[in-house]
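Below are the chains, spelled out letter by letter.
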Amino acid sequence: MELKWSSDRLDPVTFEVLKNGFVNLVDQMAAQILRTCYSFVIYCRDFSCCLNDRNGDTVMQGSWDIAVHVGTLHFTAKSVIDAFKDKIYPGDVFAINDPYLGGTHFCDVRIIRPVFYEDELIAFMQCNGHWADVGGTVPGSFDIRAKEHYGEGIRIPPVKLWERGVYREDVARLLVANMRGEEDRLGDMRAQAEAARIGELQLLRLIKKYGKDTVLAAFEECKDYVERLTRNRIKELPEGTWVVEDYIDMDPDKGEGLIPIRVSLTIKDGQLHYDLEGTHPYIGCFLNATYGSAYSGVIAGTKMLFPDIPLNSGFYRVVSANLPEGTVVNAPWPIAVTGFCSGAYEKIMNAIFEIWSNILPERAMAPCFNLEYLLVGGWDKRPGYNCHFMWYDWMAGGHGARSDRDGSNCSAPMFGVGLTVQPCEGQERLTPVVTSKHEILTDSGGPGKFRGGCGLVKGGTLGMVERAVMSYCCDRSRSINMGIFGGLPSYPHGVILNPGKDSEKYLGAIFSNYPVKQGDSFIRPSQGGGGLGDPLERNPKRVLEDVIDGYVSIERARKDYGVVIRIIDEDLCQYEIDEEATRKEREYIRQNRASWLEEDPVKVREMYIRGEIDILDLIRRYGVILDWETKELLPKTTEQYRNKLKKNTLPYWKS
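Numbering of residues begins from 1 in every chain and follows the order in which that chain's sequence is written. Owing to the predicted nature of the model, reporting of local features is limited to residues with pLDDT of at least 70; listing and counting of side-chain atom pairs is limited to 80 or more, with chain, interface and lining totals taken over all residues. Side-chain measures were taken over the full set of non-hydrogen atoms in the model, leaving aside hydrogen atoms and water.

### With respect to the overall build of the protein chain
The condition is simple: Only DSSP runs of H or I reaching four residues or more are called helices, and only runs of E reaching two or more are called strands; each is numbered from the N terminus. Atoms counted for the radius of gyration: C-alpha only. Globule rule: 2.2 Å times the number of residues to the power 0.38. With a 1.4 Å probe rolled over the protein chains alone, any residue whose accessible area is under 20% of its type maximum counts as buried; one over 50% counts as exposed, and the rest are partly exposed. In what follows, residue pairs with any heavy atoms lying within 4.5 Å of each other are defined as contacts. Per-residue accessibility takes into account occlusion by the displayed protein chains alone, with areas from the Shrake-Rupley method and a 1.4 Å probe. As used throughout, the charge tally considers Lys and Arg to be positive and Asp and Glu to be negative, leaving His and the chain termini uncounted. All charge positions are set by atom: Lys at NZ, Arg at CZ, Asp at CG, Glu at CD.
When you go through the protein chain residue by residue, the secondary structure sums to 16 helices and 22 strands. Taken over the C-alpha trace, the protein chain has a radius of gyration of 25 Å; the compact-globule value for 655 residues is 26 Å, and the two agree within 12%. Projected onto its principal axes, the C-alpha coordinates of the protein chain cover approximately 80 × 65 × 50 Å. The buried share of the protein chain, reckoned over its 655 residues, is 63%. For the protein chain, restricting intrachain contacts to residue pairs at least 6 apart in sequence, the fraction spanning at least 24 positions comes to 72%. About 24200 Å² of surface is accessible on the protein chain, with carbon and sulfur atoms providing 49% of the total. Charge centroids of the protein chain, computed over 78 positive and 92 negative side chains, lie 1 Å from each other.

Below, the structure is given as structure tokens:
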């Protein structure tokens, strides 16, 4: 639909110049952070910036911002305004990380600078960076066991770090004294503050050229433009209501059983309304979300369908959400919420992807891999170091299959599109952890007519460390990433300590403060994306290419796709399809796969224990979930998982 120009504030040329000038302004702030930050985490692009108007509404975000911060920066700007009201002066700089005041989690520290022109407050510049540690009970501030926020790190309500241009060193030192690596934290703070100053200078340059009234008019016009553009797009869509559920693995306080997050979308009168009524109450670990972070999941998930529309508060006018209080998507103070990113957030996003796949099937995308963080922290005893260290690692993984193509392999998580894969060489220079393996994980992509992208497997070994502990913020060891329209799930998460040794131990997908020592090794997978479409409809030649590329094993080619492949010369990657055996295998699977999902889970577990089937048979053929450490059957989890698997597959399979 062509959008006609509609404004009595500005001519279209001036508007377009200033709109793009605001984007460039924010991107210059981002470039400043990238050049001057201290944390490797921020250097790998876990940050975002924005321009807020005098009311705190977002005028523009940049092109480098990661997904998880969208939809939240206006909340924290407004929190600063509410806290200080008429006591905001030129030269002030504020800090805030409070998730109960619209932030995401405590590690995301926002630095906010008001902008004045001729003594009139006209805007705020905001820079948000993920600090590698903000205190708490474990290095990296990710304590999966936390029930309340007091163990997750220091909570910063709106506070002034500079007042009228005077640096409040006592306040800054008070904050970082409660964090590990305090000099790095001060460095990040200064980098963000300077980036906000760069934004201020660029805005004042625009005012000098175009005049204050013109620039302020452009603020309003940018928001109105995005609102008009978004509403016009939505009016082209069918009206109706769609409902999808996704799950967190469990509530540690209540034992086994998936934790449902129910997402309903209603399209009506050019408005999108998400209703998460029916979502489970908050749980007894830190995988809960606050209102701000859950709303960010709604915005980020929706924005993926409108990639060309600029992002500001005009978009938020069109997208509303009911996030019921007291649930896992709106946990109240002081409930622990730092792990929202691996818990509620990406479940909201993936549910939204599934909903929109029904609305716009030509742009369908199956669920993507779940973000995971592995943290090793302690004392670095290498010569010349002798200090705290945090090995703070996230992995790439597989995106969901698309309506007409396979999912992307080894890509950034949807949680943080824009994140980079941390270079192993940089990690090894900064911390006493050596990477021993980092490669594509065969069979991790969900099978389908279009295959989910593959995840990775990464291993490491601890060098010269003392008092070291390991924590893992993750999920999807039980609520394994699903396929859609007949596609199959991907692969379960979990960390193995000392693989292949007598001391080998499966640690699982959520744990904190596990003691580790010099010489210990570990390995973990990242998920692939879910598959899309019936795997038996995948062209056998494409399956053969997947085997040659190492994306799919010969065994899973037969079991998941019904394609029988013979080895001609493995060293030369020479294989061929046995067409007659493939025809028979596909017919066998077609006739039996619905009944496999009805097989007694107790008998299926016994087959697994006897070695007759493997873990991918459990989750893809039989829909059975075990405690992967004890091998005990999880009956409630299995029932929930099976029901979701059947819903996403059976209606799309031809018998």
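### Some words on the packing of helix α4 (residues 169–176) against helix α5 (residues 182–210)
Between two packed helices, both the angle of their axes relative to each other and the distance between the axes serve to describe the pair. Our working rule: Note on geometry: axes are C-alpha line fits, over the in-contact stretch for helices, and angles between N-to-C directions span 0 to 180 degrees. When an angle is under 35 degrees it counts as roughly parallel; over 145 it counts as roughly antiparallel; between 65 and 115 it counts as roughly perpendicular; any other value is oblique. Should the near helix be turned anticlockwise from the far one by less than a right angle, the crossing is left-handed, and should it be turned clockwise, the crossing is right-handed. Each residue gets one of three labels, nonpolar for Ala, Val, Leu, Ile, Met, Phe, Trp, Tyr, Cys and Pro, charged for Asp, Glu, Lys and Arg, and polar for the others, Gly among them.
α5 packs onto α4 with a crossing angle of 130° between their chain directions and a minimal axis gap of 9 Å. The angle between α4 and α5 falls in the class oblique. Pair α4 / α5 crosses with right-handed handedness. Here A172, R173 and V176 of α4 lie close against α5, whose contacting residues are E182, E183, R185, L186 and M189. Tallied by class, the residues present in the contact of α4 with α5 amount to 4 nonpolar, no polar and 4 charged.

### Observations concerning the sheet that holds strand β10 (residues 271–275)
What counts here: Strands were regarded as paired on the criterion that DSSP finds at least two bridges between them.
Strand order in the open sheet made by the 4 strands is β8-β9-β10-β11, with mixed pairing throughout. Each edge of the sheet is formed by a strand with only one pairing partner; in this case those strands are β8 (240–248) and β11 (319–322). Taken over all neighbouring pairs, the strand axes of this sheet differ in orientation by 20° on average, direction set aside. Where helix α7 (residues 291–303) meets the sheet, its contacts fall on β10 and β11, and the angle it forms with β11 comes to roughly 135°.

### Side note on the pattern of salt bridges
Keep this limit in mind: The term salt bridge refers to a side-chain nitrogen of Lys or Arg lying within 4 Å of a carboxyl oxygen of Asp or Glu.
For the coordinates displayed, the defined rule picks out 54 salt bridges. Here D246 and R476 are joined by a salt bridge, their closest N and O atoms 2.7 Å apart. In this pair, D246 sits in strand β8 while R476 sits in the loop between β16 (465–473) and β17 (495–497), placing the two residues 230 residues apart along the sequence. Here D246 and R476 have matching classes, each one buried. Linking D578 and R566 is a salt bridge whose minimum nitrogen-to-oxygen distance equals 2.7 Å. Of this pair, D578 sits in the loop between β22 (574–577) and α13 (579–596) while R566 sits in strand β21 (residues 565–569), and the two are 12 residues apart along the sequence. Overall, the relative accessible area of 19% leaves D578 in the buried class.

### Examining the sheet that holds strand β2 (residues 58–61)
Strands sit in the order β2-β1-β5-β4-β3-β6-β7 across an open sheet of 7 strands; the sheet is antiparallel. Bordering the open sheet on either side are β2 and β7 (166–167), each of which pairs with just one other strand. Pairing between strand β3 (residues 93–96) and strand β4 (residues 108–117): 3 bridges, direction antiparallel. Directly across from F94, in β4, lies its bridge partner I112. Packing against the sheet, α4 makes contact with β6 (159–163) and β7, and its axis sits at approximately 140° to β6.

### A look at the packing of aromatic side chains
Two descriptors summarise a pair of aromatic rings, namely the distance from one centre to the other and the angle between the planes of the rings. Where we set the bar: Two rings from Phe, Tyr or Trp (for Trp, the six-membered ring) form a pair when their centres sit within 6.5 Å of each other. Planes less than 30 degrees apart are called stacked, planes more than 60 degrees apart edge-to-face, and all others tilted. Counting as a charge over the ring demands two things of the Lys NZ or Arg CZ atom: a distance within 6 Å of the ring centre and an angle within 35 degrees of the ring normal.
Tallied over the entire structure, the rule returns 23 aromatic pairs. Between the aromatic rings of F22 and F219, the centroid separation amounts to 5.3 Å while the plane-to-plane angle is 65°, which identifies the pairing as edge-to-face. Pair noted here: F22 is in helix α1 (residues 12–36) and F219 is in helix α6 (residues 212–235), with a separation of 197 residues, a long-range link. Each member of the pair, F22 as well as F219, carries the same accessibility label: buried. Grouping aromatic residues by their ring pairs yields a cluster made of F142, F286, Y373, Y392 and W394. Residue placement shows R164 over the ring face of Y89; its charged tip is 3.5 Å from the ring centre. The cationic tip of R382 hangs over the ring face of Y385; the distance from NZ or CZ to the ring centre is 3.8 Å.

### Focus: helix α15 (residues 615–622)
Our working definition: In protein, a polar contact requires one atom able to donate a hydrogen and another able to accept it; more generally it is a pair of N or O atoms within 3.5 Å, and residues adjacent in sequence count only if both atoms are side-chain atoms.
Counting buried residues in α15 gives 7 out of 8 residues, a clear majority hidden from the surface. Every buried residue of α15 is accounted for by L616, D617, L618, I619, R620, R621 and Y622. If you follow the buried residues of α15, they end up packed against α12 (554–561), α13, α14 (601–609) and α16 (635–649). Looking at where α15 begins, the residue whose side-chain oxygen comes 3.1 Å from the main-chain nitrogen of L616 is D614. G623, located one to two residues past α15, shows a positive phi value of around 60°.

### Here's the deal with the environment of R233
Looking at the element boundaries, R233 is found in helix α6. Sequence spacing of R233 and F306 is 73 residues, and the spatial spacing of their C-alpha atoms is 8.7 Å. Filtering out sequence-adjacent residues up to four positions away, R233 remains in contact with F306, D308 and I309.

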